[in-house]
Amino acid sequence: MFLPAGSQDETGVLISNRLKASETFRQVVEKRNFKAISTPVVEYANTFTNEIAGMDLQNMLKWFNHEGEIEVLRPDWTAAVARAIAKQHPSFQKWSYQGSIFRNDKDGIESRQAGIEIVHADQFLGESECLLTAVQYLNTLNIDQYVIELGHTGIFETIIAPYSLKEAQEENLRIAMHDKRSDLVEQIVEEEGLLAIKDQLIQLIDAYGSKEILSTYHDLWHDQAELLKILNHLEQLIHLLEQTGETEVIVDLGRVKNLPYYDGIMFRGFLTSGGSICFSGGRYDKLYKQFKQETSAVGLAFDVDILAQHMVTEASRNKACILASPKTHAIAESLRKELPEAIVDIQYDVQADGMYDKLYKIIQENNQYKVVER
Ligand SMILES: N[C@@H](Cc1c[nH]c[nH+]1)C(=O)O
């Protein structure tokens, strides 16, 4: 029997790591006063594809229901949580969730996320709390080899704003920037007659690295108030992270939004070995416009599958086997307590050597049963 492309089975350590990552997440966010929320796996496509949320239906797992409406398997938590809490009283700000999302533009169709969303809070408070929760969670999981990257949708958007690009061309340019394809950026800019910003965009592609890069851009953008404001904002967040710990922070000024609803700061966590993205998030105030709310909204989600692959597994426990028979099986069961530290299996026969660290047999002594090493 085969599985559809993108679906996969899992066994052993990966599962226990994932469960541990989930439980740790639950504890960390509960202690930081997040309230758990869960939304159904099946939703109307419109929750994600409406004009404001803007996600692409093409990448969703979808079907028609009996009323002819398109339903999907949850492709994104952020839009689902926004739908769910839009009706809630705005006094509560901090939400957390855990569960799968399904999209066929990712490596596997299903990926497990653990995330937080902070709504109606002061902007800097929300962003700081997102980043500091990420730091605390990764520390608690003993993952210390990572880098936090900060970006901002406003840089690219401000630069192209004076030119009225068609939506499709704008998106192509965004994708070329996202992929850091200077050849494509050059081509699109020339086709669209945007020569005035050609050099600026090409230069931005390489504008990533440690915070020192910010001072170069302070000079370059000295007369562009909007862009200077963004640089100051990034600096403020870097300063906060520096004050609270040893976290390595980089900036990518050429970063463009990877989700259509982002408008503002964007953050990602990269694991140093291998470079996988372990969390991703950003500001998305505009998503709430669909509910006629002008508010602040920011969040991030961890890729729990990636975390599970990179968690250091604890030294595994000793594996013991008590050899029994149908007649002594009940006795063997009662003798498990004599081996409290080990993983204890009961078998009638052990075929392969090396399956267990120790083999025990049952003996009777003074009318008492006990296990002794064989
Ligand atoms: N939903 C985003 C993560 C996020 C949470 N909040 C804001 N952004 C993602 O799947 O990448």
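Residues numbered from 1 in each chain as written. Predicted model: local features only at pLDDT ≥ 70, side-chain atom pairs only at ≥ 80, totals over all residues. Heavy atoms only, no water.

A few words on the overall build of the protein chain. Each helix and strand in the protein chain was counted, giving 12 helices and 16 strands. Counting across all 374 residues of the protein chain, residues that qualify as buried make up 46%. Of the roughly 20000 Å² of accessible surface on the protein chain, 49% is carried by carbon and sulfur atoms. Of the charged side chains in the protein chain, 37 are positive and 56 negative, and the gap between their average positions amounts to 8 Å. (Helix = DSSP H or I, 4+ residues; strand = E, 2+ residues; numbered from the N terminus. Buried < 20%, exposed > 50% of the residue type's maximum accessible area, 1.4 Å probe, protein only. Areas by Shrake-Rupley, 256 points an atom, 1.4 Å probe, with all protein chains shown as cover. Lys, Arg positive; Asp, Glu negative; His and termini not counted. Charge placed at Lys NZ, Arg CZ, Asp CG, Glu CD.)

Below, the discussion takes up the sheet that holds strand β5 (residues 94–102). Pairing within the open sheet is mixed, and its nine strands lie in the order β1-β5-β6-β12-β11-β10-β7-β9-β8. Of all strands in the sheet, those bounded by a partner on one side alone are β1 (35–36) and β8 (208–209). Across four bridges, strand β7 (residues 146–152) lies against strand β9 (residues 248–252) in parallel orientation. Pairing of L150 across the sheet is with V251, part of β9. (Pairing = 2+ DSSP bridges.)

Taken together, 15 residues lie near the ligand, and D76, T78, E117, Y262 and G299 sit nearest. Within the side chain of T78, one N or O atom sits 2.7 Å away from a nitrogen atom of the ligand. In this structure, a nitrogen atom belonging to the ligand sits 3.3 Å away from a main-chain N or O atom of G299. Expressed as a share of its isolated accessible area of 300 Å², the protein-covered part of the ligand is 95%. Elements represented by at least two residues in the shell around the ligand include exactly β6 (110–119), β11 (277–283) and β12 (297–303). (Near = heavy atom within 4 Å. Polar contact = N/O pair within 3.5 Å; in protein donor to acceptor, adjacent residues only side chain to side chain.)

Following the criterion strictly, the structure yields 23 salt bridges and no others. Between E149 and R268 there is a salt bridge, with its nearest N and O atoms 3.2 Å apart. Of this pair, E149 sits in strand β7 while R268 sits in strand β10 (residues 265–271), and the two are 119 residues apart along the sequence. Its relative accessible area of 12% is what places R268 among the buried residues. Here D252 and K180 are joined by a salt bridge, their closest N and O atoms 3.1 Å apart. You can see D252 sitting in strand β9 and its partner K180 sitting in the loop between α6 (167–178) and α7 (182–191), a full 72 residues away along the chain. For D252, a relative accessible area of 4% gives the class buried. In the salt-bridge network here, residues are joined through shared partners; they are E157, E170, E171 and R174. (Salt bridge = Lys/Arg side-chain N within 4 Å of Asp/Glu carboxyl O.)

Whenever strands of a sheet pair, they do so through backbone hydrogen bonds, lying parallel or antiparallel. Here three strands make up an open sheet; going across it, the order is β2-β4-β3 and the pairing antiparallel. Single-partner strands in this sheet number two, and they are β2 (42–44) and β3 (62–64). Going from strand to strand, the sheet's axes swing by 35° on average, the running direction of each strand aside. Relative to strand β4 (residues 70–73), β3 runs antiparallel, the two being bridged by three bridges. Looking across to β4, one finds that W63 is bridged to E71. (Axes fitted to C-alpha atoms, helices over the stretch in contact; angles between N-to-C directions.)

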